[in-house]
Amino acid sequence: MLDAVFVGTPAPLAPEGQLSAIVKHPVGGAVRVDADGLTGDQQGDLRVHGGPEKAVHLYPPENYALLAAARPELAGQLRPGVLGENLSAPGLTESAVCIGDIYRIGTVRLQVSQPRRPCWKIDHRLDSPGLNQVVVKLGCPGWYARVLTPGELAAGDPVSLDDRPAPDMTLARLLATDRDHRPAPDELRALAAAPGLNDDWRARLLRRAEWLLSRSS
């Protein structure tokens, strides 16, 4: 079930004042979702956020417990919505979700396109230096989806898996390979071939596989 829906607009982010929409607020009732995301949701830097391949960001609430265990001083602040996600739904963790999964929520169909790449804004959001690297180390960045079928969704809607074109290609597997200092080229190629993976991620994995192979010959 979808626990919560969040949207936000760009505002200065302390302490340096860069524009960011990482601060989001819960929405009650149905929200329209189109190719570029949720109505009322915006991004501060369109070079790295937003667009059809990052239209919707989901972060499972279970991940906050992982972060609280690593940074107990933040336990009171680590709650759904704090890290800038649009959707909060239990069970959709990186180890449970596969590349290319298609989920139906309300009348919307979403396809998992890529994991989130955490950045410094997470550190600034909670005034906790290095928190973004904790997210990377724990493999709990959440994930982005493209919108296959526009429509409406709301907190309380059931979340159903419509299709899984890449069984076993979990986001956790992709993230672990990405963190590996010298992953197997065959593993990189296998992940790159997963249907539904974002083209930029696919190209990056293939470039890395070729680089590793060139160094082994």
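All values derive from a computational prediction rather than experimental measurement.

**Section: the pattern of salt bridges**
Link 1 in the chain: For the structure on display, the rule yields 11 salt bridges.
Link 2 in the chain: Across the pair Asp162 and Arg109 runs a salt bridge, and its minimum N-O distance is 3.5 Å. Here the residue Asp162 occupies a position in strand S13 (residues 159-163), and Arg109 occupies one in strand S10 (residues 108-115), the gap between them amounting to 53 residues.
Link 3 in the chain: The exposure class assigned to Asp162 is partly exposed, which follows from its relative accessible area of 36%.
Link 4 in the chain: The salt bridge involving Arg117 is made with Asp178; its shortest N-O contact spans 3.4 Å.

**Comments concerning the side chain of Ser113**
Link 1 in the chain: Inspection of the secondary structure assignment puts Ser113 in strand S10.
Link 2 in the chain: Looking at Ser113, the relative accessible area reads 1%, which means it is buried.
Link 3 in the chain: Within polar-contact distance, the side chain of Ser113 engages the backbone oxygen of Glu53 at 2.7 Å.

**Some thoughts on the sheet that holds strand S5 (residues 31-34)**
Link 1 in the chain: Across the sheet, which stays open at both edges, the 3 strands sit in the order S6-S5-S12 with antiparallel pairing between neighbours. Across the chains shown, the open sheet's two edge strands, defined by having one partner strand only, are strand S6 (37-38) and strand S12 (151-153).
Link 2 in the chain: As paired elements, S5 and S6 share 2 bridges and run antiparallel to each other. Directly across from Val33, in S6, lies its bridge partner Leu38.

**Considerations on the packing of helix H4 (residues 171-179) against helix H5 (residues 185-192)**
The packing of two helices is summarised by the inter-axis angle and the distance between the axes.
Link 1 in the chain: Two elements in contact, H4 and H5, have axes separated by 11 Å at closest approach and are oriented at 140°. In terms of orientation, H4 and H5 fall into the oblique class. In this structure, H4 crosses over H5, and the sense of that crossing is left-handed. Residues Arg173, Leu174 and Thr177 of H4 lie in contact with H5, whose contacting residues are Glu187, Leu188 and Leu191.
Link 2 in the chain: For the contact of H4 with H5, the class distribution of residues is 3 nonpolar, 1 polar and 2 charged.

**Description of the environment of Asp123**
Link 1 in the chain: Tracing the chain through its elements places Asp123 in helix H2 (residues 120-125).
Link 2 in the chain: Overall, the relative accessible area of 13% leaves Asp123 in the buried class.
Link 3 in the chain: For Asp123 and Ala184, which are 61 residues apart along the polypeptide, the C-alpha to C-alpha distance reads 32 Å.
Link 4 in the chain: Not counting residues up to four positions away in its chain, the partners in contact with Asp123 are Ser128, Pro129, Gly130, Leu131 and Asn132.

**Details of empty space enclosed by the protein**
Link 1 in the chain: Counting across every chain of the model gives 1 cavity of 30 Å³ or more.
Link 2 in the chain: Lining the largest cavity are 21 residues, with Lys24, Gln43, His49, Gly84 and Tyr144 positioned closest to its centre.
Link 3 in the chain: Tallied by class, residues from the lining of the largest cavity come to 7 nonpolar, 9 polar and 5 charged.

**Digging into the packing of helix H1 (residues 62-70) against helix H3 (residues 131-138)**
Link 1 in the chain: Packing of H1 against H3 brings their axes to within 11 Å, and their N-to-C directions diverge by 120°. The orientation of H1 with respect to H3, classified from their angle, is oblique. Note on packing geometry: the crossing formed by H1 with H3 is right-handed. Side by side, H1 and H3 meet where Leu66, Leu67 and Ala70 of the first sit next to Val134, Val135 and Leu138 of the second.
Link 2 in the chain: Grouping the constituent residues of the contact of H1 with H3 by class yields 6 nonpolar, no polar and no charged.

Criteria and cut-off values
- Residues numbered from 1 in each chain as written.
- Predicted model: local features only at pLDDT ≥ 70, side-chain atom pairs only at ≥ 80, totals over all residues.
- Heavy atoms only, no water.
- Salt bridge = Lys/Arg side-chain N within 4 Å of Asp/Glu carboxyl O.
- Helix = DSSP H or I, 4+ residues; strand = E, 2+ residues; numbered from the N terminus.
- Buried < 20%, exposed > 50% of the residue type's maximum accessible area, 1.4 Å probe, protein only.
- Polar contact = N/O pair within 3.5 Å; in protein donor to acceptor, adjacent residues only side chain to side chain.
- Pairing = 2+ DSSP bridges.
- Axes fitted to C-alpha atoms, helices over the stretch in contact; angles between N-to-C directions.
- Parallel < 35°, antiparallel > 145°, perpendicular 65-115°, else oblique.
- Left-handed = near helix turned anticlockwise from the far one by under 90°.
- Contact = heavy atoms within 4.5 Å.
- Nonpolar A, V, L, I, M, F, W, Y, C, P; charged D, E, K, R; others polar.
- 1 Å grid on protein atoms, 1.4 Å probe; cavity = no way out; pocket = protein on both sides within 12 Å on 5 of 7 lines; lining within 4 Å.
- Points joined across faces, edges and corners; volume = space filled by probe spheres on them.

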